[in-house]
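# Coordinate inspection notes
Here is how the chains run, residue by residue.
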Amino acid sequence: MLKLACQYMKYYKSQTFAIFASIFLTAVLLSGISTLMYSSRQNDLENSRTMYGDWHYRVTADVNSDAGSDKSDFEDIYKELCGKVQRKEKGSGYRLEQCGRAQMKGMLTVPYEIRFLYADESCRRMTHCQLIEGREPVKDNEIAADNYTLENLGFSGGIGDTLNLGGDIYVLTGIVKSRWASGIDEMNLFVGEEFGKDSAAEQNILYFKFDENEKLYVQLEAFQRAYHIPGDAVEANEDITMYLSGERPDSIIDIIKFALTDERGNFTYIILKLQSEYNFAFNGMLVLLLLFGLFVIYSVFNISVSRRKAEYAMLQTLGISEGTISGTLIFELWILFLAGYPLGLIAGNSILRLCGRKLDGIFTSKINGAAYGERVQNAEDYAGIHVPWEMIAAGFVFLFFALAVVGFLTVRTIRKQTLSQAMAGDTAFMKQSRPVYSKRGCNLANIVTRKFMFSDKRKVIGIILSLSIGGCIFLCTTYMTENLKVHAQMAFKSDDGLGSEYRVSVRSDSMADTIPASVIEEMKDIAELSEVYASKYIMGELVIKKEQLEWNEYFREKNKDSYYQERYGGICVDKGNGTYGIKYDVYGYDTGMIEELREFLLEGEIDLNKLEKRNQVIAVANQDGQGNYNFYGLHPKDTVTLRVPKEINCPADVLKFDADSTEYVEKQFEIAAIVSRALAKEDNYLNVNNWSNSQSFIMTNRLIEDNYGISGYSIVNASPVTGADTEKIGGKILKTVRDVPKAVFRDYTAAIETQKNYLKRRQLFFSGIAVILLVISLFHIMNSMNYSVFAHRREYGIIRAMGITDAGLYKMILRMGILYGLLADVFIFLIYHLLFRRVMDYYMVHVVQFLHISAVIPAGVFGMIMVLNVAIAVLAVMIPAGKIAAGDIIEEIRR
Amino acid sequence: MNILELQHIEKIYGVKENQVRALHDINIQVKEGEFVAIVGTSGSGKSTLLNLAGGLDTPTKGRILVKGKEIDSLSRKELTVFRRRNIGFVFQSYSLMPVLNVYDNVALPVTFDRGRHVDHKYIEELLRELGIWDKRRKYPAELSGGQQQRAAIARALANRPAILLADEPTGNLDSVTTIEVIGLLKASCKKYSQTILMVTHNEAIAQTCDRIIHIEDGRVLGKGFVRKHFFSGEGGEVPC
């Protein structure tokens, strides 16, 4: 069998090369993309470590210093764990790699909420708060801090200089590393271990890092058992642990069972759950690539075998068993696979290494962050290529066995025909009706072309599929990329809060702390700034009837958050009179920012004149975890009742909206429009988790002032004019807002630059992949169509002998190419609009949850694909046509 | 009048040590209306000679004149058109288009020349003459060998060519069908005043022709004989 397989490979060199090339390209694609995706995931993890700290879990314990035994217990555990780490000792079911301790020694509330924190060296390392300048604070009046905290405290001095905080004087002994810009939500002043030792209580936090080669949730469970740590005392660093099996995943059977049996379950639930628990997108993409590769290999191999079908039938007549023929085919495939797969892997990874740095972060799921005032993802931080050996081995095993199946399937197609049929060739056309075409005045050359094409419908479908697959992938990728671009720009402005380079906000629990209009005017006077948008804020409550609340589950989940419970008595509260009160952010936007909201429009219209004339508001819809939007079944022109505190300087309890009704102003508004996101967002009240999409109403700045008397501003966004010196602008803004109590300045320039750069690379990559897939399918098309023309080589020879000119022959074959191209165009058009686009829309809306699916494929791209299809088909048939025309007529007839 | 003239034809295949001289100084003249048999052993060069005469191949040396026109001087396209209009081919393996029925197979070469203007009366006459009118809707694979060869003859005659070149037209047929096919060829030769050049290795068939040209090792042996009785009804052979 092996000898026969080798002989066939030697004899059919070009076909052997085609099969080898299809295996090689599959391996290139598989290794390249899987490595890239895996590397991006690993790089994501590294980025997350930079942003969120290199720790997995932390346990918080309030230790009463008076109860000595508690404290000593805590100390004992800490020392024991540190000892284990030092000795690299394995615990029962877990291995601790690092352990660090932080102690909260006190807190300042004026001018901001600032914590006095002691952290040991290990903790500093894990939380990326290492000292970058100066020395550690030791004495009671010594502190170290990051630039962000110092800048916002108005400190312009250097190490050794003093700061006055709440009447106490502190000496700055060191500068610590700044944290990620978008993630800054707390200000810390680092102090020595002895700081505030006389205080009554302190909060201890233990940070842990386990062995990442083992599943984290398994180690955590073992650790909790060993030290009797209750589950609610443990907090996971989710941005890290999500990559390392930080939580026990639900079984696939359970997921499907839930989706089928629970009323909340649906198909989207399954997809999203598989994505979060089993990295569905990564694994799914690899499976699709494998199937695509296998389809190409099968098709190329099938064509190769169909050329020698008659020979195999002949061999069978000579007594060679079907098993031997199957074995020969499988050996042939395996030999080529064993040569092509490793070479493809090497080639794929080599290509990736060549352009890896440019493609880094392509599959990352979040912005590559930038630390305050600096870039994190510098070239030096490039985490490199990580080869997913497990995936590559799985691909090898899958293809190895799949190729055996391909061999058997091919033999089955031979078996379907009798031996004489196999030797005689196709006779399918005889089943058709038998008109005399020449009597109908038909062009017989056209008839022959058509009959050659459609004599075997399966082959035609195969060719049209191959012709279409590249185009479809290209169209889908373009559609996805175009929408990704729109989504990224919108998410950039709304979810990431990176719509403007500079942001000044008030860091305070009191809505009375605002930025005066005069400061806004001063900012507008800064020549280097453009689009200075100032927004006003007040917290409110939407009152709706009980039956209007369609998403009970949604708010039940939100209500669970202890932060909302403690501060506001929950997000959605039963008022007891048949209504619910839902806490809302109520914003007043600048006209420019209201205009920008049009991009986010779901329903209704945004007309500035009407908004003010008719006292209208814009409502931000709620979005569930599956990408669905809802606004309590209300629509534009419906009316909403909104309550806000009467006094902006109200006590904290008034914000629970359960005080006496005299404490509130209640007004009705007409809904002008419903949008998917708010732009300028507060981050002190409801929107405290990094740029979450909390429920909001938006009106113009004039309306919020007219209705509720809000005159001061809470948030200012601004962008630099083109070519402005961005470093100087930061200083100018800081100078402007320095005297505004509790005003905080943030510079997102680096983060925006990183994000834009990342988006460009991502678009480029997806287009690149589409082109590669197009090339692979092109290779397959060439092979299939080459075969389809050469299969009728003898007949073309006869026609030539009958006196058709070369031009006539070319025209005849050209017709075939054009027809294939046009059929593929129709097929692409139909399948793209009827199936692929719908699937893509579903994926983008419900799985990756793009903000708006508004982009369509540019007509030019569509036209290009259509023309390209015809061109490819024509090229694919004209190459063999040229060979036939150049061949000797007698030789052709004798074939 | 000579309708076909081959002057000092040489045909060499291959190069250097692989060179094979298929034909050597061949000189043949064929008169209009003649039915000539070319006989010889396998590999003697008879099919090569026929292909050269039909313009399907080009000679290494020498001139070929068909209806007084030197076909070597024609361009590729001119040669194709000339061949289509003046020469009909009948092959041993019938070489019918498997995807077309008998009628369309016969009409096919006409459509190359005259587009859609097919003389359907003539095709019907041909098919009736050849006894396959009732098989006109059948595909080649559904016909017997003799029927397929009849269809091939009809196709060769469809353009009313001056010369019909038949390469072993009975090679795949049984003896009864062979006689039928040869009879048909002769009949059509007479009816349409056509010149037929037929390659065969069957001496008995060759004996029924007007003239026999023997080829061995690429050379013509003698000049052949004219059988008088076929057209004139008289018996005996005279050298031409």
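Residues numbered from 1 in each chain as written. Chains lettered and ligands numbered in written order. Predicted model: local features only at pLDDT ≥ 70, side-chain atom pairs only at ≥ 80, totals over all residues.

### A closer look at the overall build of chain B
When helices and strands are counted, chain B shows eight helices and 12 strands. Against the compact-globule benchmark of 18 Å for 240 residues, chain B has a radius of gyration of 18 Å, which places it among compact chains. If you line up chain B on its principal axes, its C-alpha atoms span 50 × 45 × 35 Å. For chain B, the proportion of its 240 residues judged to be buried stands at 51%. For chain B, restricting intrachain contacts to residue pairs at least 6 apart in sequence, the fraction spanning at least 24 positions comes to 67%. (Helix = DSSP H or I, 4+ residues; strand = E, 2+ residues; numbered from the N terminus. Rg over C-alpha atoms; globule rule 2.2 N^0.38 Å. Buried ≥ 20, exposed ≤ 12 C-beta atoms within 10 Å, placed from the backbone. Contact = placed C-beta atoms within 7 Å.)

### Quick notes on the overall build of chain A
Summing up its helical and strand segments, chain A has 28 helices and 23 strands in all. Along the first, second and third principal axes, the C-alpha set of chain A runs to 105 × 75 × 55 Å. Counting the 895 residues in chain A, one finds 40% classified as buried. Pairs at least 24 apart in sequence give 83% of the contacts found in chain A among residues at least 6 apart.

### Quick notes on the pairing of strand β8 (residues 195–200) of chain B
Residue and element names in this part refer to chain B. Taken across its six residues, β8 has six buried, putting it largely inside the fold. Residues T195, L197 and V199 of β8 are buried on one face, and the alternating residues I196, M198 and T200, pointing to the opposite face, are buried as well. With five bridges joining them, strand β3 (residues 35–39) and β8 adopt parallel strand pairing. If you follow V39 over to β8, its bridge partner there is T200. One ladder, built from five bridges, connects strand β7 (residues 163–167) with β8; its direction is parallel. Paired with I163 across the two strands is T195, which belongs to β8. (Pairing = 2+ DSSP bridges.)

### Re the interface of chain B and chain A
Counting residues at the interface gives 33 residues for chain B, matched by 28 residues for chain A. Those elements that provide at least two residues to the side of chain B that touches chain A are α2 (76–86) and α3 (102–114) of chain B. Looking at the side of chain B that touches chain A, the element that brings in the most residues is α3(B), giving eight residues. By residue class, the composition of the side of chain B that touches chain A is 16 nonpolar, six polar and 11 charged. (Nonpolar A, V, L, I, M, F, W, Y, C, P; charged D, E, K, R; others polar.)

### Here we look at the packing of helix α24 (residues 749–790) of chain A against helix α27 (residues 859–886) of chain A
Residue and element names in this part refer to chain A. Packing of α24 against α27 brings their axes to within 8 Å, and their N-to-C directions diverge by 45°. Here α24 lies oblique to α27, going by the angle between them. The handedness of the crossing between α24 and α27 comes out as right-handed. Across the interface between the two elements, L778, I781, M782, M785, N786, V789 and F790 from α24 touch I872, A873, A876, V877, I879, P880 and A881 from α27. Within the contact of α24 with α27, the residues separate by chemical class into 13 nonpolar, one polar and no charged. (Axes fitted to C-alpha atoms, helices over the stretch in contact; angles between N-to-C directions. Parallel < 35°, antiparallel > 145°, perpendicular 65-115°, else oblique. Left-handed = near helix turned anticlockwise from the far one by under 90°.)

### Structural notes on the domain arrangement of chain A
Where interface size is given, it is often the accessible area lost as the parts come together that is meant. Its domain assignment divides chain A into domain 1 (1–53 + 258–425), domain 2 (56–236), domain 3 (430–497 + 750–895) and domain 4 (536–711). If you average the C-alpha positions of domain 2 of chain A and of domain 4 of chain A, the two centres end up 37 Å apart. (Domains from an automatic or database assignment.)

### Digging into the pairing of strand β1 (residues 2–13) of chain B
Residue and element names in this part refer to chain B. Examined bridge by bridge, β1 and strand β2 (residues 20–31) share eight bridges and lie antiparallel to one another. Bridged to N2 within β2 is K31. Examined bridge by bridge, β1 and strand β4 (residues 61–66) share five bridges and lie antiparallel to one another. Residue L6 lies in a different strand from β4, and its bridge partner there is I64.

### Comments concerning unusual backbone geometry
One non-glycine residue with positive phi stands out, namely H128(A), at about 55°. Checked against the element boundaries, H128(A) lands in the loop between α4 (121–126) and β4 (131–134). For S95(B), which is not glycine, the phi dihedral falls at a positive 50°. As for its position among the elements, S95(B) is in the loop between β6 (87–90) and α3.

### A closer look at helix α16 (residues 457–493) of chain A
Helix length check: α16(A) (37 residues) gives 52 Å between terminal C-alpha atoms against 54 Å at 1.5 Å per residue, within 8%. Remark: the principal bend of α16(A), roughly 30°, maps to S468(A). (Expected span 1.5 Å × (residues − 1). Bend = angle between axes of the 7 residues up to and from the residue.)

### Notes on the nonpolar core
In terms of nonpolar packing, the biggest core is built from 238 residues, with I515(A), I698(A), V716(A), I38(B), V106(B) and L197(B) touching the most fellow members. Ranked by the residues each element gives to this core, the list is headed by helix α2 (residues 13–52) of chain A, at 15 residues. Here I38(B) is in contact with K46(B), L49(B), L50(B), L197(B), M198(B), V199(B), I213(B) and I215(B), once residues within four sequence places are set aside. Membership of the second largest hydrophobic core comes to 34 residues, among which are W55(A), Y118(A), C129(A) and L206(A). (Core = buried A, V, L, I, M, F, W, Y, C linked by C-beta atoms within 7 Å.)

### Side note on the environment of Y148(A)
The topology assignment puts Y148(A) in helix α5 (residues 147–152). Along the backbone, Y148(A) and S694(A) are 546 residues apart, and their C-alpha atoms lie at a distance of 26 Å.

### Quick word on the packing of α2(A) against α24(A)
Residue and element names in this part refer to chain A. Two elements in contact, α2 and α24, have axes separated by 11 Å at closest approach and are oriented at 170°. Between α2 and α24, the interaxial angle falls into the category roughly antiparallel. In terms of crossing hand, the pair formed by α2 and α24 is left-handed. Across the interface between the two elements, A18, A21, L25, L29 and I33 of α2 pack against I769, I772, I776, F779 and N783 of α24. Here the contact of α2 with α24 is composed, by residue class, of nine nonpolar, one polar and no charged.

### Structural notes on the environment of Q616(A)
All names here are of chain A. Along the chain, the position of Q616 falls in strand β16 (residues 616–620). Q616 sits 450 residues away from G166 along the chain, and the two C-alpha atoms are 44 Å apart. Look past the residues within four positions of Q616 in its chain and what remains in contact with it is K610, L611, F669, E670, I671 and A672.

### Section: the confidence of the model for chain B
Residue and element names in this part refer to chain B. Per-residue confidence for chain B gives a mean pLDDT of 84, with 91% of residues at or over 70. Mean pLDDT values over the elements of chain B span from 42, in helix α8 (residues 228–232), up to 93, in β4. In the predicted structure, residues 228–240 sits below a pLDDT of 50 and forms 17 contacts with residues beyond four places in sequence or in another chain. Confidence estimates for the predicted assembly give a pTM of 0.71 and an ipTM of 0.86. (pLDDT = per-residue confidence, 0-100.)

### Quick look at the confidence of the model for chain A
Residue and element names in this part refer to chain A. On average, residues of chain A score 81 in pLDDT, and 90% of them are at 70 or above. When the elements of chain A are averaged for pLDDT, helix α14 (residues 419–424) gives the smallest value, 48, and β16 the largest, 93. With pLDDT under 50 throughout, residues 65–69 is counted as low confidence; its partners more than four residues away or in other chains account for four contacts. Confidence drops under a pLDDT of 50 for residues 365–381, and excluding neighbours within four residues, the segment shows 52 contacts in the predicted structure.

### Overview of the sheet that holds strand β5 (residues 69–70) of chain B
All names here are of chain B. Taken in spatial order, the four strands line up as β2-β1-β4-β5 in an open sheet, and their pairing is antiparallel. Either end of the sheet is taken by a strand with one partner, and the two such strands are β2 and β5. Along the sheet, helix α1 (residues 46–53) makes contact with β1, β2 and β4, crossing β1 at roughly 125°.

### Details of the environment of F258(A)
All names here are of chain A. Mapping F258 onto the fold places it in helix α8 (residues 252–261). Since 15 C-beta atoms lie within 10 Å of it, F258 is described here as partly exposed. The sequence separation of F258 and F292 amounts to 34 residues, and the corresponding C-alpha distance is 31 Å.

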